[in-house]
Structures are given as structure tokens and as C-alpha cells.
Amino acid sequence: MTRTLVAGLGNVFETDDGFGSAVAAALDVAQLPAGTEVQDFGIRGVHLAYQLLEPYDLVVIIDTVSRGGAPGTLYVIEHGADPDRPRPAEQAPLLDAHDMAPDEVLALVPMLGGTLGRVVVVGCEPESIAPGMGLSAAVTSSVENAVHLVIDLVRDGAHPARAAADAAGTGGG
């Protein structure tokens, strides 16, 4: 059985930064494969790092990601796919337990003695991360699509042969 962790990150007191929490809450009622855990870590990045000391085959992190797209744009980012980014052993994370970006959390795991399986980030372009409660309309409209995207990623991860076929472009099923 594939072990999967779906982790919502973000600060619900900074408007669209609450995206990860909103998606995690919506996923709480979804039918996910056995072996899948959904947790809202909020701003507790250190707790996520310690949770990742458990062996997971797949980790899906949900967070806001600023990449210059239109607000509400969803991104799927395979962790470690960018060869120009420093690897975890080459960078020391800033240890602010309440403000750790996903890269810093992932960099901390090997320093704590853990190893990472496949990590995928489902990110949403924010409209605003100013202080305030509630998501913008653009980001709110992306929550349902993000839920479906995460469900697809988790189901493909639960069926490694299908995920490998999809990655190769053969569309196995």
C-alpha cells in the first residue's frame, strides 16, 4: 500500500495564503485511497518536517506559489526537478518555526535524519497575501480545481504503474 501525506500550508490570517488550509479542509471529506493522510499544517512548518520523518511514498504540499501568473493559476511542481536549485544538503534552512517555506521544510528533513520520497507541490498564484481573513475571489474559484488535481495526483501515486505510464505519455490506466 502506498503511504501518502497531503499537507496544507499557509497562514489563514494573510488572505490568499490560506489557500493550502482551504484545500486541505475540502479534501477532508474526499474519497482518497487507503494509506492517505490529509493534514492542515498551517504555519507549523517544523511540525511538517518532523511528520516527514515518517516514510511516505508521496507527499503533496498545497500552498500559494508566486510565479507571475494570473491570480488563481494552479501549478504542479515536482520537488527537485529544477537542476539550478540548491539541494537540501547544500542549503541550511532558516529556523523560524512559524514562517518556513516548503523548500526550507524539505531541506530540514535530511538534517533531521529523514529521507524524502516523491514530493509534489500544488501551488496557487495569490492575488494578495496582505493581512486579512478569507481568500480572494480568484483563489476561491481555484480551490475546487485544486482538490480534483490533488485527488488525481494521490490516485496516480497509489497506482505507481499508472503514474509511470502517465509520466511517459502513454496514459495507462
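Just above, that's the structure.
Every value quoted in this text rests on a predicted model; they were computed, and no experiment measured them. Position labels on residues start from 1 in each chain and follow its written sequence. Given that the model is predicted, a residue must reach a pLDDT of at least 70 before its local features are reported, and side-chain atom pairs must reach 80 or more before they are shown or counted; all residues, however, enter totals for whole chains, interfaces and linings. Calculation of side-chain values draws on the structure's entire complement of heavy atoms; hydrogens and water are dropped beforehand.

Could you clarify how one ought to interpret the pattern of salt bridges in this entry?
Salt bridges are counted wherever a side-chain nitrogen of Lys or Arg sits within 4 Å of a carboxyl oxygen of Asp or Glu. Here the structure, examined in full by the defined rule, presents 2 salt bridges. In this structure, Glu-37 engages Arg-3 in a salt bridge whose closest nitrogen and oxygen atoms are separated by 3.0 Å. Taken together, the positions of Glu-37 in strand 2 (residues 36-42) and Arg-3 in the segment before strand 1 (4-9) put the pair 34 residues apart, joining distant regions of the chain. Whether a residue is buried, partly exposed or exposed follows from its accessible area with a 1.4 Å probe, protein chains only, as a fraction of its type maximum: under 20%, in between, or over 50%, in that order. A residue is classified by how much of its surface remains accessible, and Arg-3, at 27% relative accessible area, is partly exposed. Helical segments are the DSSP runs of H or I of at least four residues, strand segments are the runs of E of at least two, and each set is numbered from the N terminus.

Looking at this structure, how should I read the packing of aromatic side chains?
For any two aromatic rings, the description comes down to two numbers: the centre-to-centre distance and the angle of the planes. In this scheme Phe, Tyr and Trp rings, the latter by its six-membered ring, pair at centre separations within 6.5 Å, and the angle between planes marks the pair as stacked below 30 degrees, edge-to-face above 60, and tilted otherwise. Under the definition given, this model contains 0 aromatic pairs. Working rule: Lys NZ or Arg CZ, within 6 Å of ring centre, within 35 degrees of ring normal, means a charge sits over the ring. The residue whose ring lies beneath Arg-3 is Tyr-56, and the NZ or CZ to ring-centre distance is 4.5 Å. Taking NZ or CZ as reference, Arg-67 lies 5.8 Å from the ring centre of Tyr-75, over its face.

Before we go on, may I ask you to explain the pairing of strand 1 in this structure?
Counting buried residues along strand 1, 6 of its 6 residues qualify, which places the element largely inside the surrounding structure. Of the two faces of strand 1, both are covered, the one formed by Thr-4, Val-6 and Gly-8 as well as the one formed by Leu-5, Ala-7 and Leu-9. Note: two strands are recorded as paired if DSSP finds a minimum of 2 bridges between them. Bridge count for strand 1 against strand 2 is 6 bridges, and the pairing is parallel. By the bridge assignment for strand 2, Ala-7 is matched with Gln-39. Note that the unit made of strand 1, helix 1 (residues 19-27) and strand 2 has a crossover that is right-handed. Direction of pairing for strand 1 relative to strand 3 (residues 58-64): parallel, over a ladder of 5 bridges. Bridging across to strand 3, Leu-5 finds its partner in Val-59. When the strands point away from the viewer and the connection leading from the first strand across the helix to the second strand turns clockwise, the crossover is called right-handed.

Explain the nonpolar core to me, please; I cannot follow it from the model alone.
When a protein is soluble and globular, its nonpolar side chains tend to lie buried together. As used in this record, nonpolar core signifies buried Ala, Val, Leu, Ile, Met, Phe, Trp, Tyr and Cys residues forming a set joined through side-chain atoms within 4.5 Å. Within the largest apolar cluster, 21 residues are counted, with the highest numbers of intra-cluster contacts made by Val-6, Phe-19, Val-23, Leu-27, Val-60, Ile-62 and Val-150. Where this core is concerned, the elements lending two or more residues are helix 1, strand 3, strand 5 (118-124) and helix 4 (137-158). Among the elements that take part in this core, helix 4 stands out by supplying 8 residues, more than any other. Contact definition: two residues touch when any of their heavy atoms are within 4.5 Å. Every residue in contact with Val-150, bar those within four places of it in the chain, is listed here: Val-6, Leu-27, Val-60, Ile-62 and Val-122. In this structure, Leu-48, Ala-49, Val-59 and Tyr-75 belong to the second largest nonpolar core, which totals 19 residues.

What exactly am I supposed to notice about the sheet that holds strand 1 here?
Picture the strands of a sheet paired through backbone hydrogen bonds; they go either parallel or antiparallel. With respect to topology, 5 strands assemble into an open sheet ordered 2-1-3-5-4, the strand pairing being mixed. The open sheet has two edge strands with one neighbour each: strand 2 and strand 4 (74-78). The average angle at which neighbouring strand axes cross in this sheet is 20 degrees, direction not considered. Each axis is a line fitted through C-alpha atoms, and for a helix only the stretch in contact is used; angles between axes span 0 to 180 degrees, taken between their N-to-C directions. Here helix 1 sits on the sheet and contacts strand 1, strand 2, strand 3, strand 4 and strand 5; the angle it forms with strand 3, its principal contact strand, is near 130 degrees.

Function cannot be read off these values alone, since they describe shape.
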